[in-house]
Amino acid sequence: MLRFALRRLALMVPVLFGLSVLLFAWVRALPGDPARSLLGERATPEAIVAVNEAYGFDQPLLQQYLTYVKALLQGDFGSSIQSGADVLTTFGDRFPATVELALTAMLFAIVVGVPLGYLAARNQGRLLDTAVVSGSLLGVATPVFFLAILLKLVFADWLGWLPTALRQDPRIDATHITNFYVLDGFLTREWDAAWDAMLHLALPAIALGTIPLAIIVRITRASVAEVLHEDYVRTAESKGLSRGTISRRHVLRNALLPVVTTIGLQAGLLLSGAVLTETVFGFNGIGSYLFQAISTRDFPVLQGFIIFIAVIYSLINLVVDLLYGVIDPRVRVS
Amino acid sequence: MRLAPIPTRSGLIGLAATALVLSGCAQSDRAESEGGSSEQSGGTFLFAGSAEPVTLDPFFASDGESFRVSRQIFEGLVGTEPGTADPAPLLATGWETSEDGLTTTFDLQEGVTFHDGTEFNAEAVCANFERWYNMPRSAQTEDLTYYYISLFRGFATGPDAGDAIYDSCSADDDLTATVTLNKPFAGFIAALSLPAFSMQSPTALDEYQDDAAGNPRNSEYSTERPTGTGPFTLDSWDRGQQVTLARNDDYWGDVALVDEAVVVAIEDPTARADALRSGEIDGYDLVGPADVAPLEEEGFQVVERDPFNVLYLGMNQAQEPLDDPMVRQAIAHALNIPEIISASMPEGTVPATQFVPDIVMGFNPDVTEYEYDPELAEQMLADAGADGATIEFNYPTGVSRPYMPQPEDTFNVIRSQLEAVGLQIEPVADAWSPDYLEKIQGTDDHGIHLLGWTGDYNDTDNFLGVFFGAESNEWGFDNPELFDALSEARGLPTPEEQEPLYEDINAEIMDYLPGVPLAHPVPSLAFGPDVDGYQQSPVQDEVWNAVSVQE
């Protein structure tokens with residue numbers, strides 16, 4: 001298991017190297033000039049040349065790449081062209097927001113999705129099943145921005161229960177240690193701050209979690225339905241095992257494998273979904289920042305953030321692979 | 001002003017300063033408030049902009065969000081009259097400029113201290129001027145010192161040192177400072193109202209700022225210890241989330257009514273509107289045009305800034321048949337500007353007759369106007385042999401600027417109006433930044449196009465010089481007469497001498513018609529029903545000391 005994990009980690013090195021080359025070429029191939037973005041609609045040609053020189057964008061591409069990688073190996077991801085802010089620091093400031101959001105969304109999707117899918121499979125063809133299946137179809141088909149408008153209308157405008165923007169009420173003088181606001185609230189025992197942060201997470205997490213939720217429901221339902229028809233389930237039933245034991249020991253355990261895979265894949269999608277969700281809910285995570293970086297051709301931010309995301313995505317996949325082993329011992333053997 | 005689409009500062013303070021000067025009193029007037037709400041409201045004023053500030057050292061800033069915050073912390077020698085773009089006393093109670101325009105003597109406000117206790121005096125003034133002038137080479141790029149480069153033209157060192165407008169500063173006595181320039185600069189006083197030229201504590205700068213650092217926008221001073229004389233001090237800047245400002249109880253002018261002011265960034269205009277509706281924020285800037293009417297109906301306050309901008313339809317003379325004046329005039333006659341405004345701009349938007357708004361010096365009420373007359377337009381096109389000509393029409397997507405709230409809609413109306421007079425329109429859409437800007441300003445591969453500008457401060461050159469000061473890809477014409485006229489006007493020592501020249505130039509431009517000025521769209525702010533005392537400024541010189549929030 002440990003060797004497997006280490007081998008996978010080692011494999012990440014060439015993958016990341018290849019990614020850095022591709023990324024560098026791709027980002028530079030985007031039409032448009034970061035200096036133009038930076039200096040705005042009235043930049044003089046001389047000023048653009050001067051800024052490009054100052055950032056080394058006038059150097060040959062290979063030279064620029066070598067400079068970049070050299071700095072990278074020393075842990076220097078450079079700084080934003082737009083704001084001058086250090087890329088690594090900005091990532092550290094903003095990434096917790098996105099993780100908090102994505103985790104909450106995923107939690108929502110799993111906690112609601114797996115039981116629903118299971119119930120639907122157990123009640124195949126009945127009203128409950130039909131309702132769940134059509135509901136999940138609707139969930140997959142609803143664009144995030146539309147859902148966001150709907151959620152804001154119901155929970156903020158009509159009911160007035162939940163906030164629609166930001167991560168926390170700035171009027172609360174909350175202490176931030178880790179930048180995971182809910183966690184910070186618990187760590188500092190500022191319960192009102194933690195509660196407020198949770199309220200702020202609710203709508204964006206539901207909006208972001210709905211598509212994964214719908215997918216999880218469908219996968220769980222299909223997978224459970226399939227397992228229910230397996231011989232070993234029939235054997236267990238004929239042995240006279242209770243329904244709960246069968247579900248726990250035979251059905252869920254076997255049916256969860258594809259579900260875990262799906263969850264792992266969704267993690268990547270969550271990060272891209274976060275771009276839109278964060279923008280719509282004024283939630284300042286990496287998603288909204290990345291979006292700005294693309295439209296302003298902020299090369300160092302783009303490169304740095306995408307490399308971080310790639311590392312994190314690889315790590316999530318590794319964890320998912322390791323989880324297979326936990327859920328299904330047969331995977332460990334191979 | 002550049003990237004973040006926000007206008008400039010000085011209204012309230014300017015008024016306060018004037019009031020103090022007029023009444024001849026100083027600090028005893030503190031309790032008297034100009035805003036009408038004389039009660040100390042306390043509490044927090046929570047305001048949303050569209051992006052985080054870039055830096056809190058305004059000298060290294062050129063974006064509206066950085067200026068929004070630095071206007072609360074810092075003050076310059078010169079402010080603006082409330083609600084206008086006209087220069088007014090602030091830290092300087094008055095000034096006198098020599099006849100040749102080269103020396104200006106500033107009388108300074110008495111009894112002012114910086115937030116760190118350093119006294120504000122003539123030496124502090126000179127320390128600031130000298131700091132700007134002596135910027136190290138590493139900071140002499142437009143991304144760091146855009147305004148100094150644009151207005152003062154050069155530093156003590158570097159390739160442009162010979163062009164530097166600033167010469168020296170002397171402290172004549174504690175409250176009198178004299179600044180000497182190398183050449184006349186009529187916009188000098190108005191330029192000093194820009195937040196970039198705020199007075200900063202020399203002590204704090206010495207201790208915490210490093211202008212030679214690789215990135216002075218990110219230094220300890222620029223992020224944690226900006227030190228000015230304004231009505232608020234920096235409490236904390238929680239990167240990625242909020243800037244918290246605390247009331248400066250020792251402020252020399254009208255002490256702020258609220259205990260603290262918090263500025264947050266919400267990028268999306270709809271998300272800002274929703275946040276106001278749900279009470280998470282007390283107010284926000286850059287209201288989307290579609291949100292104005294609904295917000296008003298729901299009982300929110302919408303404050304319109306007097307427009308200090310212009311949107312125009314540019315015509316690239318490097319492309320036929322746009323080099324023909326008759327074709328350009330025909331296009332002007334084909335445009336029904338009120339219809340364009342009602343279809344794509346907020347209520348209150350004023351049609352433009354020239355390339356400057358009417359509050360800018362040199363505005364000429366008698367320029368040639370091109371009435372909406374499609375038949376005449378058709379006739380002129382036929383006379384020019386351009387009937388049915390194909391014209392490329394460039395417009396940007398994915399952008400909303402104060403001067404151009406909905407470019408796609410503006411494009412659609414203009415397109416149908418031009419097609420109605422028989423022109424064939426070939427639409428070319430590009431993402432605003434950087435593709436569109438690159439195409440319009442970096443190449444001559446464009447026909448007619450939408451673009452504009454929001455002015456920084458009251459200087460005609462900030463509009464006309466920016467547009468037509470030299471031969472450019474955008475317009476594709478070479479008109480030495482116009483270039484010379486602009487450069488002559490720029491070189492005059494006082495605005496009074498410049499005014500008639502700029503009036504002539506405006507008339508000349510509208511005869512030459514390099515493009516059609518369309519409109520001056522009104523930018524709006526929105527506030528909750530409990531907010532009082534917010535004074536708008538066309539150049540965004542908005543200081544929050546008179547703002548109160550009823551809890």
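Attention here is on the structure that accompanies the text. (Residues numbered from 1 in each chain as written. Chains lettered and ligands numbered in written order. Predicted model: local features only at pLDDT ≥ 70, side-chain atom pairs only at ≥ 80, totals over all residues. Heavy atoms only, no water.)

Within a sheet, each strand pairs with its neighbour through backbone hydrogen bonds, oriented either parallel or antiparallel. All names here are of chain B. If you walk across this open sheet you meet the four strands as 4-5-7-6, and the pairing is antiparallel. Each end of this open sheet is capped by a strand with a single partner; those strands are strand 4 (92-97) and strand 6 (166-173). When the angles between neighbouring strand axes are averaged without regard to direction, this sheet yields 20°. Two elements, strand 5 (residues 103-108) and strand 7 (residues 176-181), share five bridges in a ladder whose sense is antiparallel. (Pairing = 2+ DSSP bridges. Helix = DSSP H or I, 4+ residues; strand = E, 2+ residues; numbered from the N terminus. Axes fitted to C-alpha atoms, helices over the stretch in contact; angles between N-to-C directions.)

Interfaces are often described in size by the accessible area the parts lose on coming together. With 49 residues of chain B at the interface, the matching set in chain A holds 46 residues. Between chain B and chain A, roughly 3800 Å² of surface is buried when both sides are summed, and carbon and sulfur atoms account for 48% of that area. Inspection of the region where chain B meets chain A yields four salt bridges. Ionic pairing is found between Arg171 of chain A and Asp282 of chain B, a salt bridge with its closest N-O pair at 3.6 Å. The interface formed by chain B and chain A holds 14 residue pairs in polar contact (both at pLDDT 80 or more) in total. For the side of chain B that touches chain A, the secondary structure elements donating two or more residues are strand 1 (44-49), helix 4 (142-152), strand 10 (260-265), helix 8 (269-277), helix 14 (432-442), strand 17 (448-454) and helix 15 (464-468) of chain B. Among the elements that take part in the side of chain B that touches chain A, helix 14 of chain B stands out by supplying eight residues, more than any other. In terms of residue class, the side of chain B that touches chain A is built from 19 nonpolar, 13 polar and 17 charged. (Contact = heavy atoms within 4.5 Å. Buried area = accessible area lost by both parts, 1.4 Å probe. Salt bridge = Lys/Arg side-chain N within 4 Å of Asp/Glu carboxyl O. Polar contact = N/O pair within 3.5 Å; in protein donor to acceptor, adjacent residues only side chain to side chain. Nonpolar A, V, L, I, M, F, W, Y, C, P; charged D, E, K, R; others polar.)

What is meant by a disulfide is a covalent connection between two cysteines, made through their sulfur atoms. Residues and elements named next belong to chain B. Within this structure, the stated rule accounts for one disulfide over all chains. Sulfur-sulfur distance for the disulfide between Cys126 and Cys169 comes to 2.0 Å. Judged by the sign of its S-S torsion, about -70°, the cystine formed by Cys126 and Cys169 is left-handed. Here Cys169 lies in strand 6 and Cys126 lies in helix 3 (residues 122-133), a separation of 43 residues in the sequence. Both residues of the pair, Cys126 and Cys169, belong to the buried class. (Disulfide = S-S within 2.5 Å. Buried < 20%, exposed > 50% of the residue type's maximum accessible area, 1.4 Å probe, protein only.)

Residues and elements named next belong to chain A. On the secondary structure map, Ser80 appears in the loop between helix 4 (61-73) and helix 5 (87-122). A residue is classified by how much of its surface remains accessible, and Ser80, at 1% relative accessible area, is buried. One polar contact links Ser80 to Asp298, side chain to side chain, over a distance of 2.7 Å. Once residues within four sequence positions are removed from consideration, Ser80 is found in contact with Ala85, Val87, Tyr289, Asp298 and Val301.

This brings us to the environment of Thr118 of chain B. Residue and element names in this part refer to chain B. Here Thr118 shows up in the loop between strand 5 and helix 3. By relative accessible area, Thr118 is classed as buried at 16%. Separated by 109 residues in sequence, Thr118 and Thr227 have C-alpha atoms that sit 9.6 Å apart. Leaving out residues up to four positions away in the same chain, Thr118 has contacts with Thr113, Ser201, Pro202 and Thr203. In this structure the side chain of Thr118 is engaged in a polar contact, spanning 2.6 Å, whose partner is the side chain of Thr203.

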